[in-house]
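One letter stands for each residue in the lines below.
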Amino acid sequence: MQKYSIFSLIRNAFSNHQNWDVVWRDPVPKKEYDAIIIGGGGHGLATAYYLAKEHKINNVAILEKGWIGGGNVGRNTTILRSNYMWDANGLFYEHGMKLWENLSQELNYNVMYSPRGIINLAHSDAQLNTYARRGNSMRLNGIDAVMLGREELKKIIPFADFSESARFPIFGALMQPRGGTARHDAVAWGYARQADAMGVDIIQHCEVTGFDVSNGKIQGVQTTRGNIKSKKVGLCVAGSTSLLAEKLNMKLPIEAHVLQACVSEPVKPFLDHVVTFGAGHFYCSQSDKGEMVMGGDLDGYNSYAQRGNLPTLQHVLSEGVAMFPNLSRLKMLRTWGGIMDMSMDGSPVIDKSHIDGLYLNFGWCYGGFKATPVSGWTFAHTIAQDRPHKLNEKFKLNRFNTGHLIDEKGVGTKTWIG
Amino acid sequence: MLEIKCPYCGNRSQNEFSYGGDATVKRPSLGKEVSDKEWDDFVYFRKNPRGKHSEFWHHVAGCRQWFKVSRNTATHEIFKTSKINEEI
Amino acid sequence: MSQKFRLNKVGYINRDKKISFKFNGKKYFGFEGDTLASALLANGIHLVGRSFKYHRPRGFIGAGVEESNAQVQLYSGAKTEPNAIATTVELVEGLVAKSQNCWPSVSFDFGAINNFLSRFFPAGFYYKTFMWPKSFWYKIYEPIIRRAAGLGIAPLKPDPDRYEHQFEHCDVLIAGSGPSGLASALAAAKNGARVILAEDKPRFGGSLLTDEVTIGNKKGKDWADEAVAQLKSMPNVIIKNRSQVFGYYDHNMMVMFERTKDHIENPNKFIPRQRLWYIRAKEVIISTGSIERPLVFGNNDRPGIMLASAAKEYIKVFGVAVGKKPIIFTNNDSGYDAAIEFKKNGINPLIFDVRENSESSTVQEAKNLGIDIKFSHGVVNAKGYLKVNSATIGKLNKDKTSYENLYDVSCDSICVSGNWTPTVHLSSQSGNKLKFDEKVNAFIPNQSRQNESTIGSANGSFTLKEALEEGFNKGYNLSKKINGKDNQTSSPTSNEKSYGKQDKFWCMPLPNKKHYKRCVDFQNDVYVSDIELALREGFRSIEHVKRYTTLGMATDQGRTSNLNGLQLVSNIEKKIVPEVGHTTFRPPYTPVTIGAIVGREVGKHYRPTRKSPIHEWHEKNNAVFVDAGLWLRPRYYKQDNETLMEASKREANNVRKNVGICDVTSLGKIDIKGPNAAEFLNRVYTNAWMKLPIGKARYGVMLREDGIVFDDGTTTRISENHFHMTTTTAQAVNVLSHLEYYLQVVWPELAVNVLSTTEQWAGVALAGPNSRNLLSKLFPDIDVSNEGIPFMGYKESNLFGVPARIFRISFSGELAYEINVESGYGVFMWEKIMELGKEMGIEPYGTEALSTLRIEMGHVAGSEIDGRVIASDLSLDGMLSKKKDFIGKRSLNRNAFLDSAREKIVGVVPVDKKTMIPEGSHLVEDSSASFPNPKLGHISASCWSVEYNNPFSLAILKDGKKKIGKKLFALSPLKNTNIEVEIVSSHYVDPKGERVRS
């Protein structure tokens with residue numbers, strides 16, 4: 001594989017970039033693999049990569065019904081963080097942060113990991129206290145977190161509404177300084193390139209239409225490009241999870257919901273952090289292109305349409321303008337939607353299933369992007385070792401039977417409330 | 001924005017309503033012995049179909065009646081709405 | 001001389017009104033009716049900006065929303081607007097604009113060094129480098145890249161303007177007022193339909209403003225003017241210019257964006273800047289026209305190179321010649337129209353046509369006018385840096401892969417015509433699956449999914465005759481379908497030129513050894529070589545190409561570039577265009593001001609503010625308010641220079657010693673009536689309700705079906721079938737929906753009605769040892785003794801003539817009562833109580849003192865009922881009836897919920913009895929353990945106990961009851977505190993509850 005560097009870039013410039021290799025091959029599916037990963041999104045690509053790298057299982061296929069990186073890894077707001085209260089989440093995502101920190105070097109692909117700090121604004125003392133509970137939990141787990149007062153915030157984000165006319169004044173904030181962003185497409189492509197180089201077959205436009213199961217064991221999958229055998233199959237399809245589970249007569253504790261995001265036109269950078277609004281669900285950062293990247297609430301009803309309606313965006317943007325009144329004069333350039341696999345307690349499942357050799361990875365709600373490396377890392381471990389890693393042992397499917405739920409927000413099963 | 005026909009008030013824009021989830025999920029009768037599985041299915045597990053979906057909506061900013069909607073989750077086409085005691 | 005490119009005889013501008021404006025600091029003049037673009041071009045200015053990545057000089061490419069280069073910054077300060085499209089900015093006296101993304105100036109831009117280094121910055125170069133050393137991306141490279149990012153400059157002050165929303169319903173919404181749009185509006189309106197016709201531009205008429213056609217013996221423009229006048233006079237028609245339908249949402253919800261202010265010289269200060277229309281249309285007609293495509297050749301992005309249709313529009317509408325030595329470069333006949341207009345205004349154009357020949361009437365007209373036409377020729381490369389000054393022309397060989405000869409021609413502008421792309425954005429947004437039409441050589445709508453019809457050139461119908469027929473038919477048929485009326489307007493006869501066949505050839509090959517940059521996406525600097533590179537590297541899906549090269553991702557969303565990009569991909573991949581497919585069209589069609597989307601939900605109006613009817617009294621008495629959901633509640637009543645802590649201690653102390661009054665209006669109140677009301681409560685609450693006597697209240701806890709505590713409150717039996725429920729302030733709305741759900745969906749057999757009465761009653765709590773004494777003064781007619789109104793008792797009476805409800809309930813743990821009167825009497829009640837309570841030492845108390853009182857009593861509130869606890873965690877096991885079923889009961893069997901070592905509520909006192917424990921601290925055994933330090937529980941609420949005069953907190957602690965008497969550490973690393981604490985009972989004050997019963 002060609003190594004990417006400033007030197008290879010210069011060298012290729014002198015041959016008019018005619019000599020770059022393909023980033024991943026376009027292979028014909030083999031009859032059998034040691035493992036099949038269904039879903040060429042971020043999590044699937046990462047899983048295949050870590051299977052090959054950490055567990056030396058290289059004879060792997062990724063089956064993607066469309067084009068890789070076309071699901072939520074290509075349509076999110078790119079936020080990375082590990083600012084969780086419950087240990088199961090905090091320690092898991094913190095391991096993820098450590099993977100993010102080395103990812104560009106590890107993949108030899110610049111994923112633009114940018115630890116610019118994520119700030120959760122609080123609008124009352126009570127809210128500051130609930131943030132303190134979370135922040136202190138983070139600190140005791142060895143995760144970075146600091147409290148910011150109103151005056152400190154005025155220096156960092158002076159354009160926020162600190163005026164008398166704010167409906168919900170800013171009292172302070174919890175900040176995770178290492179939280180930040182990464183370039184979403186690059187994450188998918190970077191994993192794809194390295195997985196491909198280690199022998200993983202990335203097979204696009206190959207939809208799984210059924211499963212071959214006998215004696216409680218998985219034998220392979222049926223696809224639009226023929227049957228493919230494997231004793232290990234990992235399901236990594238986020239918003240499409242229920243649809244594939246139905247082929248196995250499984251019902252899962254998730255609902256599909258659409259989450260919209262939007263960007264403004266590019267303007268010269270003025271916001272250097274990721275900021276969330278505490279009196280609503282709005283969050284905002286500014287990309288390296290200068291666009292304000294914004295998101296918020298779910299549209300609020302089951303949906304498999306990758307688009308939403310304007311009143312939700314109106315609601316979300318009103319939160320944005322309440323936080324940063326100067327956003328009002330910018331223009332909204334592009335809106336889009338993604339399908340979220342909203343789990344009933346807001347936390348994911350990375351687990352074995354009742355079928356031997358079939359492994360499940362779903363329920364990321366709207367936080368899947370930041371989990372890409374650690375989800376792949378732990379899922380690869382679960383598949384390779386046939387048991388969960390310590391980091392994902394709490395993300396069991398049967399917690400919905402035992403009651404060991406991991407509900408960060410305390411909103412319960414109304415997934416559409418988010 | 002969806003336009004939903006409240007069986008009591010007629011067509012209204014979606015922002016008058018709030019969503020109430022899968023209407024095929026039936027709460028086990030009060031006091032009835034149910035297995036763990038039955039109960040957990042009721043509380044947590046959903047079919048979550050792509051396509052036709054029966055669901056509850058609540059006309060919160062209107063008559064405050066709950067009712068049923070049959071809707072395509074992929075296209076948002078609404079096939080039918082009905083009162084709670086009517087078949088959908 | 002000013003405006004030396006202004007033509008004398010043409011244009012619809014008002015030459016009587018001269019308008020001055022500033023561009024890049026220099027003053028210029030234009031006329032009323034100009035756009036900023038036409039005024040600049042009239043003054044000979046083409047160079048307006050720099051491209052995003054390489055900072056290449058850029059001029060105008062279009063005359064409307066298709067413009068991708070000419071973005072400018074308007075005005076300054078709070079009113080500044082970045083990225084304004086100069087071709088859509090109407091000229092207004094005093095307009096100030098400047099170029100963006102260049103330094104120090106647009107003609108000498110330091111960033112242009114990127115252009116000379118561009119070979120090192122191909123598509124996606126940033127993925128391949130800036131990785132070493134590790135920390136440099138964030139610390140060095142990214143900040144440098146960010147300095148170069150963005151186009152215009154965002155305002156940093158709040159927007160001084162206001163925006164409005166309007167909601168409309170109509171039968172037929174028509175987007176676009178070209179010939180097909182006007183025809184359909186006339187036909188539908190005359191047939192009685194309620195019509196809304198929207199036109200994005202200031203002028204109605206679309207192509208009729210620029211095309212030499214006749215309709216029913218009138219000039220096209222005159223016919224359009226008459227049609228507009230007629231439509232304006234009809235009461236069933238709303239006709240709006242400067243209004244763009246930008247989004248097609250579900251169930252025919254259309255959103256339109258109207259520009260109402262910026263074009264007015266001295267606007268009335270009350271008019272909104274922009275207005276957003278939500279329109280529910282029974283039928284939508286999309287007559288959005290089409291946009292010309294550029295041709296691709298070397299340095300085709302130089303200022304002075306623009307679409308031929310734009311050049312024609314500048315002549316016909318604005319009376320501006322974009323050049324005096326223009327070259328027309330075309331692959332179809334429509335480019336000839338621009339040439340003819342130049343010629344008619346005394347300017348000699350040169351036509352280079354890649355086709356071998358064409359013999360339509362249009363070409364014939366050009367020939368007759370003596371225009372120099374060279375077939376099988378094309379522009380190979382444009383020369384000139386800040387503005388084009390000559391072009392290399394090539395004679396194409398037969399298969400158009402190379403040139404027979406090359407030569408240079410001097411010129412001052414190049415007008416390109418690469419055929420037309422139907423504007424199908426709205427159709428596609430509606431769910432219409434587009435199809436690729438070989439004849440049109442572009443995507444056109446195919447099968448409607450919603451009630452949508454696309455007509456005219458947006459539908460690939462490029463002749464006037466087709467457009468009019470489709471318009472009249474569609475307008476008539478749809479209106480008839482809606483209202484059943486049958487007044488048909490027939491399509492008038494029309495006259496137009498004929499147009500010959502286009503050539504699909506659009507990208508000029510590179511001559512030997514030349515590496516000209518051939519631009520596909522102007523704003524984002526995407527060149528042919530970038531798309532070739534993407535495909536070479538395996539980015540073969542069109543979405544991958546788009547993301548890797550950023551093709552079509554600029555603010556113009558690829559209006560002029562997408563199809564050329566697609567064709568390039570299809571040529572290289574040897575696929576046909578429909579196989580390559582297109583990327584998704586998403587709203588908005590053009591960027592929309594965020595303020596307009598938000599409307600009036602700004603500042604204090606971001607969300608409603610709920611106030612108790614006693615609010616003004618609190619204000620007058622120095623209350624400091626706190627947000628409780630949407631409610632504003634007094635947090636404390638400030639005296640002199642008191643701090644929050646001092647005031648809340650004083651107020652709480654006074655409750656414990658004398659008597660206090662607290663406004664509890666915001667608590668949720670629900671009236672529950674019906675023969676099965678008691679049964680219903682019995683199902684909703686965890687404890688027993690059937691035998692609650694009339695005139696008694698009971699504390700209740702309700703669960704969610706998953707077993708988690710949902711809410712708590714007291715409910716009182718007013719009469720046999722009538723209960724009064726209270727909820728927490730936070731959950732009031734959710735509890736009502738919850739009750740309605742169970743009544744209507746789950747147990748419709750129960751004859752019960754529920755109704756929110758939160759706002760019907762003003763409520764106060766009287767708490768403290770003197771409260772009974774005070775109550776006797778307020779209600780002299782009734783027996784207020786412990787027997788007369790026992791703990792949890794209820795009585796109705798009147799407060800000096802005002803009907804009142806008296807509840808003996810207590811959140812503070814003191815002897816206490818709550819009194820409700822109708823909201824309108826709230827202030828009367830409050831003032832009466834203050835007056836009569838004066839001698840007993842009454843003082844109002846706020847939520848902070850209320851918290852203190854409930855915390856030291858161990859009463860739970862929102863900070864404990866946080867959506868994650870079960871009843872036994874809160875020591876409410878006794879509330880769980882074993883005899884009956886209730887909502888959520890079945891879930892309590894889960895293993896995790898039966899675990900005896902679960903977290904439980906306890907009290908916490910600092911060992912030093914001095915240090916307040918910050919809320920949100922965690923309890924650990926070893927304060928210096930390494931991370932992750934096992935957390936045993938957290939501090940949910942803290943107060944300064946006025947009873948014992950030392951800090952006291954509540955905590956939810958693992959196996960808490962067994963830890964009473966133990967010492968632990970409360971850590972708040974965020975606040976750098978480490979406090980040794982002792983675990984005590986959560987019932988710190990009056991554990992037996994004697995006071996409330998006294």
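Preceding this section is the structure that the text describes.
Residues numbered from 1 in each chain as written. Chains lettered and ligands numbered in written order. Predicted model: local features only at pLDDT ≥ 70, side-chain atom pairs only at ≥ 80, totals over all residues. Heavy atoms only, no water.

Undergrad: Looking at this structure, I do not really get the overall build of chain B. What am I missing?
TA: For chain B, the helix and strand inventory stands at one helix and six strands. Helices and strands in chain B line up, N terminus first, as β-β-β-α-β-β-β. Taking all 88 residues of chain B together, the buried fraction comes to 55%. In chain B, once contacts between residues fewer than 6 apart in sequence are set aside, the share between residues at least 24 apart is 44%. Of the roughly 4100 Å² of accessible surface on chain B, a fraction of 43% belongs to carbon and sulfur atoms. Treating the 15 positive side-chain charges of chain B as one cloud and the 12 negative ones as another, the clouds have centres 5 Å apart. (Helix = DSSP H or I, 4+ residues; strand = E, 2+ residues; numbered from the N terminus. Buried < 20%, exposed > 50% of the residue type's maximum accessible area, 1.4 Å probe, protein only. Contact = heavy atoms within 4.5 Å. Areas by Shrake-Rupley, 256 points an atom, 1.4 Å probe, with all protein chains shown as cover. Lys, Arg positive; Asp, Glu negative; His and termini not counted. Charge placed at Lys NZ, Arg CZ, Asp CG, Glu CD.)

Undergrad: What should I look at first to understand the nonpolar core in this one?
TA: As a rule of thumb, nonpolar side chains are buried together in soluble globular proteins. In terms of nonpolar packing, the biggest core is built from 107 residues, with C:Leu36, C:Phe60, C:Tyr314, C:Phe329 and C:Ile414 touching the most fellow members. The leading source of residues in this core is helix 1 (residues 36–42) of chain C, at six residues. Those residues in contact with C:Ile414, other than ones at most four positions away along the chain, are C:Phe297, C:Gly304, C:Ile305, C:Met306, C:Ile327, C:Phe329, C:Val379, C:Ala382, C:Val388 and C:Ala391. The next biggest cluster of nonpolar side chains, apart from the first, holds 68 residues, and it includes A:Ala35, A:Ile37, A:Leu103 and A:Ala192. (Core = buried A, V, L, I, M, F, W, Y, C linked by side-chain atoms within 4.5 Å.)

Undergrad: Looking at this structure, I do not really get the interface of chain B and chain A. What am I missing?
TA: Accessible area lost on assembly of the parts is the figure often given for the size of an interface. Counting residues at the interface gives 22 residues for chain B and 27 residues for chain A. Looking at the side of chain B facing chain A, the largest losses of area belong to B:Tyr44, B:Phe45 and B:Asn48, adding up to 32% of the total buried there. A:Glu255 is paired through a salt bridge with B:Arg46; the nearest N and O atoms lie 3.8 Å apart. Inspection of the chain B/chain A interface yields 11 residue pairs in polar contact (both at pLDDT 80 or more). Breaking the side of chain B that touches chain A down by element, the ones donating at least two residues are strand 3 (18–22), helix 1 (36–43) and strand 4 (52–58) of chain B. At three residues, strand 3 of chain B tops the list of elements feeding residues into the side of chain B that touches chain A. Class assignment of the residues belonging to the side of chain B that touches chain A gives a composition of nine nonpolar, eight polar and five charged. (Buried area = accessible area lost by both parts, 1.4 Å probe. Salt bridge = Lys/Arg side-chain N within 4 Å of Asp/Glu carboxyl O. Polar contact = N/O pair within 3.5 Å; in protein donor to acceptor, adjacent residues only side chain to side chain. Nonpolar A, V, L, I, M, F, W, Y, C, P; charged D, E, K, R; others polar.)

Undergrad: Before we go on, may I ask you to explain empty space enclosed by the protein in this structure?
TA: Residues and elements named next belong to chain C. Inspection of every chain in the model, using the stated rule, returns four cavities of 30 Å³ or more. In this model, the largest cavity occupies a volume close to 170 Å³. Surrounding the largest cavity, 16 residues form its lining, Thr-35, Ala-63, Thr-87, Lys-201 and Pro-202 being those nearest its centre. Class assignment for the residues of the lining of the largest cavity results in six nonpolar, four polar and six charged. The volume enclosed by the second largest cavity comes to roughly 90 Å³. Lining the second largest cavity we find 13 residues, and of these Arg-50, Asn-69, Gln-71, Leu-151 and Gln-523 sit closest to its centre. By residue class, the composition of the lining of the second largest cavity is three nonpolar, eight polar and two charged. (1 Å grid on protein atoms, 1.4 Å probe; cavity = no way out; pocket = protein on both sides within 12 Å on 5 of 7 lines; lining within 4 Å. Points joined across faces, edges and corners; volume = space filled by probe spheres on them.)

Undergrad: Whenever I open this one, a nonpolar patch on the surface confuses me. Can you help?
TA: Residue and element names in this part refer to chain A. A surface patch of nonpolar side chains, about 420 Å² in accessible area, is lined by Ile-6, Phe-7, Ile-10 and Phe-14. Summarising the element assignment, Ile-10 is placed in helix 1 (residues 6–13). Since its relative accessible area comes to 34%, Ile-10 is described here as partly exposed. (Patch = residues over 30% accessible without salt bridge, like charges linked within 9 Å, V, L, I, M, F, W, Y side chains within 5 Å.)

Undergrad: Honestly, the interface of chain A and chain C in this entry has me stumped. Any pointers?
TA: Taken together, the contacts link 121 residues of chain A with 113 residues of chain C. Summed over both sides, the interface of chain A with chain C buries roughly 10300 Å², with 55% coming from carbon and sulfur. Summed over the three residues of chain A that lose the most area to chain C, namely A:Leu140, A:Arg167 and A:Arg329, the buried surface amounts to 10% of that side. Between chain A and chain C we count 14 salt bridges in total.

Undergrad: Help me understand the packing of aromatic side chains in this model?
TA: The relative placement of two aromatic rings is captured by the distance of their centres and the angle of their planes. Considering all chains together, one arrives at 54 aromatic pairs over all chains under this definition. Arranged with centres 5.1 Å apart and planes meeting at 85°, the rings of A:Phe92 and A:Tyr93 form a pair that is edge-to-face. The exposure class assigned to A:Phe92 is buried, which follows from its relative accessible area of 0%. Taken together, a centroid distance of 5.1 Å and an interplanar angle of 70° make the contact between B:Tyr19 and B:Trp57 edge-to-face. Pair noted here: B:Tyr19 is in strand 3 and B:Trp57 is in strand 4, with a separation of 38 residues, a long-range link. The buried category is assigned to B:Trp57, whose relative accessible area is 2%. When the ring centre of C:Phe29 is taken as origin, the NZ or CZ atom of C:Lys18, which lies over that ring, is 4.6 Å away. (Phe/Tyr/Trp six-rings, centres within 6.5 Å; stacked < 30°, edge-to-face > 60°. Lys NZ or Arg CZ within 6 Å of the ring centre and 35° of its normal.)

Undergrad: Would you take a moment to explain the pairing of strand 13 (residues 254–264) of chain A for this structure?
TA: When a strand is regular, its side chains alternate between the sheet's two faces. Residue and element names in this part refer to chain A. Counting buried positions along strand 13 gives 11 out of 11 residues, so the element sits mostly inside the fold. Covered by surrounding structure in strand 13 are Ile-254, Ala-256, Val-258, Gln-260, Cys-262 and Ser-264 together with Glu-255, His-257, Leu-259, Ala-261 and Val-263, the residues of both alternating faces. Taken together, the 11 bridges between strand 13 and strand 17 (residues 331–343) define a ladder with antiparallel strand orientation. Paired with Ile-254 across the strands is Ser-343, a residue of strand 17. (Pairing = 2+ DSSP bridges.)

Undergrad: Any chance you could explain unusual backbone geometry here in plain terms?
TA: Backbone phi values are negative for most residues with the exception of glycine, while trans is the configuration of most peptide bonds. All names here are of chain C. Looking along the chain, the bond that leaves Trp-132 and enters Pro-133 is cis, with omega of -15°. Tracing the sequence through the fold places Pro-133 in the loop between helix 3 (125–128) and helix 4 (136–148). Note the cis peptide between Pro-587 and Pro-588, where omega equals 0°. Locating Pro-588 in the fold gives a position in the loop between helix 15 (577–580) and strand 32 (592–593).

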